[in-house]
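Coordinates in review
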Amino acid sequence: MYWLFLLVFFVLLSCYWHICWKKCRMYQLTAKIPGTVEIPFLGSIHLFLFDRNLFSVLNKLPRGMRKAWLGPTLFVKFDQPEDFQVLLNSPNCLDRLFVYDFVNIKRGILTTTDVNHWHRVRKAVNQTFSPAVMNQLTPTFNKTGRKLIEKFDTFSGQGLSNVGNLLKIFAFESMCKSVMLFTEEEYSKFSSSTDVSKFFDEIHEYFDLVDKRFCAPWVYPDWCYNLTLNGINFNRVLTSLRNSTSKITDTLKAKKLQRSSAPTYAEKILSLTQDGQLPPEDFPDHIDTMLVAGVETSGTIIQEFLLMVAIYQDVQERLHQEIQSVCPLNPEENITQQHLANMPYLEMVLKEVLRLFPITVGTGRFVTDDINLNSCVIPKGANIYLSFFKIHRDPQLWGPDADQFNPDRFLPEQSFRRHPYAYVPYAAGQRNCLGIKYAQAIIKITVVYLLREFHLRTPLAFDDIRLKLSTTLYIENDPNFIVERRRK
């Protein structure tokens, strides 16, 4: 027994020194970066004893550049605009972190860790949310916006109402009828055979399971993860989600494409597949990426926007006045991109919502070659995490009230002094969000329709909001609203 103990000890010690030798240069280059207390073999794994979310733990590290070792894997957290500017524009960290593979949408444009594949697809679809495409989609947003008004009418005068699920279903319907080219008949057929509410519940469960895996290196190998209870549940949820989205991909594949000069995202991906420029097996991943990411985030941001104006009644009234002055109620007139361009306060409020509640709490990249920063060199092989959540709430960048809601931060005289990379809700650089224009258009048109006809209140105070920092950011204590129709 004694000899067995010694053998195990020397084997572990040899492995440890082998790792140290391989990581010697990395240790040397990052020696001056502040970090956490490290345990031999395990690194900073003790940080995850009471918080099993990788992004949450990294966001809790002190302000500034900080390193943390997860076993032999180095993570460096950044939350300063000067570093963001270098890193988000560097060709040496375009690769996604390996943990994005756990999402299991490995060929989707937002989640793929294969940078060559991403570059090829991104170049092909760059114009699928151009101004010309957005002008085509705007009438659909108006049509679904009018339907949403009818749904909200059922909440008017009914006391406290939870509208979160309705907003996500609305965002899903808008996506299907615009980007995914669904006709009214095709969407009705899909919605009658699919529980859309369950679909969103499963998306939440799906991301929650992904987050838990991030912090458990012992289940990084797929064969090991699939033997665990979380792995079994993940595969169950993924199968159910795929069954739902496959109905959409099958409908798209059956369409006869009209080769448009301004194709939507789904049109372009379908044409690339039919022309043999993308393998057919990649098609579901590209569609699933847009459905899961685009719909979930749009519906969530609309809810967060409405919550802020329900809490801050002065902001709601000022916004209502701007809406009335630019596009007063006229059932026959669509809200256009020109209308939106003439609403500067609407833009300021949306920016402040996205500052406090960014779509994702941050982004992770893998460093493929050394990157020189002002204070140090980030070595090849490091994993970096850029915290949008931390940089958006930094008092040194946004003032002592950085945790409070104040759209006037985005007045021109306030914004021009601010570093351009202090505000990055859609990331920046080459791997910024593809659907920025889509998200802004659907959010703005939706809130214009709602706030033009309804007055919103909520019993929830701003300081009572509880946030969950995961792959996506969302409010844990789902808010309720009091919906009242405005007098015409």
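Above this note sits the structure.
Read on for an overview of the structure. This structure is a prediction, so every number in the text was calculated from the model and none was measured.

Our next topic: the packing of helix H13 (residues 283-311) against helix H16 (residues 344-356). Axis separation between H13 and H16 bottoms out at 10 Å; the angle between their running directions is 110°. Considered as vectors, H13 and H16 are oriented roughly perpendicular to each other. Residues Ile-301, Glu-304, Phe-305, Met-308 and Val-309 of H13 pack against Leu-346, Val-349, Leu-350, Val-353 and Leu-354 of H16. The residue inventory of the contact of H13 with H16, partitioned by class, reads nine nonpolar, no polar and one charged.

Here we come to helix H11 (residues 229-253). A rise of 1.5 Å per residue sets the reference length of H11, with its 25 residues, at 36 Å; its end C-alpha atoms lie 35 Å apart and thus fit the reference within 8%. Thr-245 marks where H11 bends most, by close to 30°. By the burial criterion, the buried members of H11 are Gly-231, Phe-234, Val-237, Leu-238, Ser-240, Leu-241, Ser-244, Thr-245, Ile-248, Thr-249 and Leu-252. Among the structural elements, helix H7 (164-177), helix H8 (184-193), helix H9 (196-214), helix H10 (222-225), helix H12 (265-274) and H13 are those in contact with the buried residues of H11.

To continue, consider the environment of Tyr-474. Structurally, the position occupied by Tyr-474 is in strand E11 (residues 473-475). Each C-alpha atom of the pair Tyr-474 and Arg-25 lies 39 Å from the other, and the pair is 449 residues apart in sequence. The residues contacting Tyr-474, other than those within four sequence positions of it, are His-204, Glu-304, Arg-466, Leu-467 and Lys-468.

Read from one edge to the other, the open sheet built from five strands follows the order E1-E2-E8-E5-E3, with strand pairing classed as mixed. The sheet terminates laterally at strand E1 (66-70) and strand E3 (95-96), the two strands that pair on one side only. Bridge count for strand E2 (residues 73-78) against strand E8 (residues 383-387) is four bridges, and the pairing is parallel. Bridge assignment links Phe-78 to a residue of E8, and that residue is Leu-386. Together, E2, strand E5 (362-366) and E8 form the strand contacts of helix H4 (residues 81-88), whose direction differs from that of E8 by roughly 130°.

Counted under the stated rule, the structure contains 27 salt bridges. In this structure, Asp-79 and Lys-77 form a salt bridge, with 2.7 Å as the shortest nitrogen-oxygen distance. In this pair, the class of Asp-79 matches that of Lys-77, namely buried. Residues Asp-208 and Lys-468 are paired through a salt bridge, measuring 3.0 Å at the closest nitrogen-oxygen approach. Of this pair, Asp-208 sits in helix H9 while Lys-468 sits in strand E10 (residues 467-469), and the two are 260 residues apart along the sequence. We classify Lys-468 as partly exposed; its relative accessible area is 22%.

Definitions and limits used
- Counting starts from 1 at the beginning of each chain's written sequence and moves along it residue by residue.
- Note on the predicted model: pLDDT of at least 70 is required for a residue's local features to be given, and 80 or more for side-chain atom pairs to be given and counted; whole-chain, interface and lining totals, by contrast, use all residues.
- Excluded from the side-chain calculations are hydrogens and water; all other atoms, namely the structure's heavy atoms, are used.
- Fitting a line to C-alpha atoms yields each axis, with helices limited to the stretch in contact; the angle taken between N-to-C directions then spans 0 to 180 degrees.
- To qualify as a helix, a DSSP run of H or I must reach at least 4 residues; to qualify as a strand, a run of E must reach at least 2; elements of each kind are numbered from the N terminus.
- Angles below 35 degrees are treated as roughly parallel, those above 145 as roughly antiparallel, those between 65 and 115 as roughly perpendicular, and all remaining angles as oblique.
- In this analysis, two residues are considered to be in contact whenever any of their non-hydrogen atoms come within 4.5 Å of each other.
- Here the term charged refers only to Asp, Glu, Lys and Arg, the term nonpolar to Ala, Val, Leu, Ile, Met, Phe, Trp, Tyr, Cys and Pro, and the term polar to all other amino acids, Gly among them.
- Under the convention used throughout, the expected extent of a helix is 1.5 Å for every residue step, that is, one less than its residue count.
- Throughout, the bend at a residue refers to the angle made by two axes, fitted to the seven residues ending there and to the seven starting there.
- Burial here depends on accessible area, computed with a 1.4 Å probe over protein chains only, as a share of the maximum for the residue type. Under 20% is buried, over 50% is exposed, and the range in between is partly exposed.
- Paired strands, in this sense, are two strands between which DSSP finds at least two bridges.
- The rule for a salt bridge is simple: a side-chain nitrogen of Lys or Arg has to be within 4 Å of a carboxyl oxygen of Asp or Glu.

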